[in-house]
Amino acid sequence: MKTIKLYDEQPYETEFEAAVISCTPSAKKDGAYEVTLDKTLFFPEEGGQTPDKGVLKADGEEEVEVIDVQIKDDIIYHTVSRKIPEGITLCGIIDFEHRFSNMQQHTGEHIFSGIVHSIYGYDNVGFHLSDNIVTMDYSGKLDEDDIAKVEGLVNEAIFKDVCVKAWYPSKEELDKIDYRSKKELSGDVRIVEIPGYDICACCAPHVRRTGEIGILKVISFQNYKGGTRVSILCGNRAYLYLKKEHDMIGRLALSLSTSWENIPDVFSKQQEEIADLKKRLSDMAEKVLLKEAENLPDGENVCMFAQSGTDPNVARRIVNDLMEKKSGYCGIFIGNDAEGYRFIIGSKNCNCNDLLQEMRKTIQVRGGGAPAMVQGSVSCAGSDIEKVFACI
Ligand SMILES: [Zn+2]
């Protein structure tokens, strides 16, 4: 027996009475039961949208949470955690805050997709609406300007407070309607029209007027399978998102002691200062290392240590410099005992790969290179490195 979909005609109702047609153990969830009713307000998981939340309550019984709602062959299955007697009449209550939020997101999606279709001719080929994400996939590429334009037009449609119509047209009427649809439809087709913006086949509940969407904000977009994936938020979800962003920008302005408008300028100035300081630090480190290199004790092989963050180009210059003065291996190790060292080793007369082989006998070494110069990393104490250099 088909379940009567009360949400089709009464998307704003929150409570209903229904007869329990069947209650059978769930095949998907151990210990759970699937309840079918003669009619329901619970919208099932369908068309990319997650199901309604709520409870079922029989007379004299504790209410039981509806943990899932699915539809198959026009029969709607409510998953609950305990058995409910068949044949009784019970009361169902849906979580309207959750439902209304879904209606806002969903209706916002219709307007967005309708406008994308009318301006760019792209189809909505994917839709996902869960409790924390709303994404739409379009069949063509949209850039930043396109997205901004559509977002502006959607919000205009919201402010105009257009009436949203949903109905089941007759076959003859349906044949004359040019509507969007993600798939070939059979059986009764429900049409949702937002005059001037969209006309689409859809089974879900929507708001009565576009003004109830409140606001639509695009959160992100990206290229996806040759088209575009767009993430949006509507209504309270958009408000909470923008509030979080607003609070964060406020804190940022406060910590930078500037106004909101000046944040980008202050930020880029700080970036320049950081780059300048890094350059000066690198120059100073180079000078210190060069001084150390000058004062190295006599010997064929030399090995130096430098702090983490030392510019590898500086290290390479020093190794090149040392190679001119020393006949053996010249190595520089950047890092510390705890985190390990990155190294560059060079030699004018010896094969550096031979040294790496020697090091591998006692130390974990990654890396390699040409006979004249090798680089890589080691995980060991500096004293172990010194020992290898002293013994070769
Ligand atoms: Zn819809």
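Quick caveat, the model's predicted, so the values are computed rather than measured. (Residues numbered from 1 in each chain as written. Predicted model: local features only at pLDDT ≥ 70, side-chain atom pairs only at ≥ 80, totals over all residues. Heavy atoms only, no water.)

### Let's talk about the packing of aromatic side chains
Overall, the coordinates contain 10 aromatic pairs when judged by the stated rule. When the centroid spacing of 6.0 Å and the interplanar angle of 25° are considered together, the rings of Phe 112 and Tyr 138 count as stacked. Here Phe 112 is found in helix α2 (residues 96-120), whereas its partner Tyr 138 is found in strand β11 (residues 134-138), with 26 residues between them in sequence. An identical accessibility class is assigned to Phe 112 and Tyr 138; each is buried. With a centroid separation of 5.9 Å and an interplanar angle of 90°, the aromatic rings of Phe 333 and Phe 389 are classed as edge-to-face. Highlighted residues: Phe 333 in strand β18 (residues 330-336) and Phe 389 in helix α9 (residues 382-391), separated in sequence by 56 residues. Phe 389 shares its class with Phe 333; the two are buried. Chaining the aromatic ring pairs together yields one cluster made of Phe 305, Phe 333, Tyr 341, Phe 343 and Phe 389. Stacked on the ring of Tyr 12, the Lys or Arg Arg 208 has its end atom at 3.5 Å from the ring centre. (Phe/Tyr/Trp six-rings, centres within 6.5 Å; stacked < 30°, edge-to-face > 60°. Helix = DSSP H or I, 4+ residues; strand = E, 2+ residues; numbered from the N terminus. Buried < 20%, exposed > 50% of the residue type's maximum accessible area, 1.4 Å probe, protein only. Lys NZ or Arg CZ within 6 Å of the ring centre and 35° of its normal.)

### Some remarks on the sheet that holds strand β21 (residues 373-379)
Pairing is mixed across the open sheet formed by 5 strands, whose spatial order is β17-β18-β19-β21-β20. The outermost strands of the open sheet, each flanked by one partner alone, are β17 (302-306) and β20 (364-370). Taking the axes of each pair of neighbouring strands and ignoring which way they run, one obtains an average angle of 15° across the sheet. The strands touched by helix α6 (residues 263-294) are β17 and β18; relative to β17, the strand with the most contacts, the crossing angle is about 155°. Across the sheet, helix α8 (residues 352-360) lies against β18, β19 (340-346), β20 and β21, angled at about 170° from β20, the strand it touches most. (Pairing = 2+ DSSP bridges. Axes fitted to C-alpha atoms, helices over the stretch in contact; angles between N-to-C directions. Contact = heavy atoms within 4.5 Å.)

### Examining the coordination of the zinc ion
At the metal site, the zinc ion is ligated by His 106 (NE2), His 110 (NE2), Cys 202 (SG) and His 206 (NE2), and these contacts range over 2.0 to 2.1 Å. What the 4 donor atoms of the zinc ion show is an angle range of 94 to 123° at the metal, which sorts the shape as tetrahedral. Motif for the zinc ion, donor spacing along one chain: H-x3-H-x91-C-x3-H. Of the two residues, His 110 sits in helix α2 while Cys 202 sits in the loop between β14 (198-201) and β15 (216-224), which places them 92 residues apart along the sequence. Across this residue pair, the class does not change: His 110 and Cys 202 are buried. (Donors = N, O, S within 2.8 Å, 3.2 Å for Na, K, Ca; no water. Tetrahedral: all angles 85-135°; square planar, octahedral: opposite > 155°, others 65-115°.)

### Some details on the domain arrangement of the protein
When cut into domains, the protein gives domain 1 (4-94), domain 2 (99-252) and domain 3 (286-391). Each of domain 1 and domain 2 has a C-alpha centre, and the two are 27 Å apart. Each partner contributes to the interface: domain 1 provides 14 residues, whereas domain 2 provides 19 residues. Summing both partners gives a buried area of about 1400 Å² for domain 1 against domain 2, and 43% of it is carried by carbon and sulfur. (Domains from an automatic or database assignment. Buried area = accessible area lost by both parts, 1.4 Å probe.)

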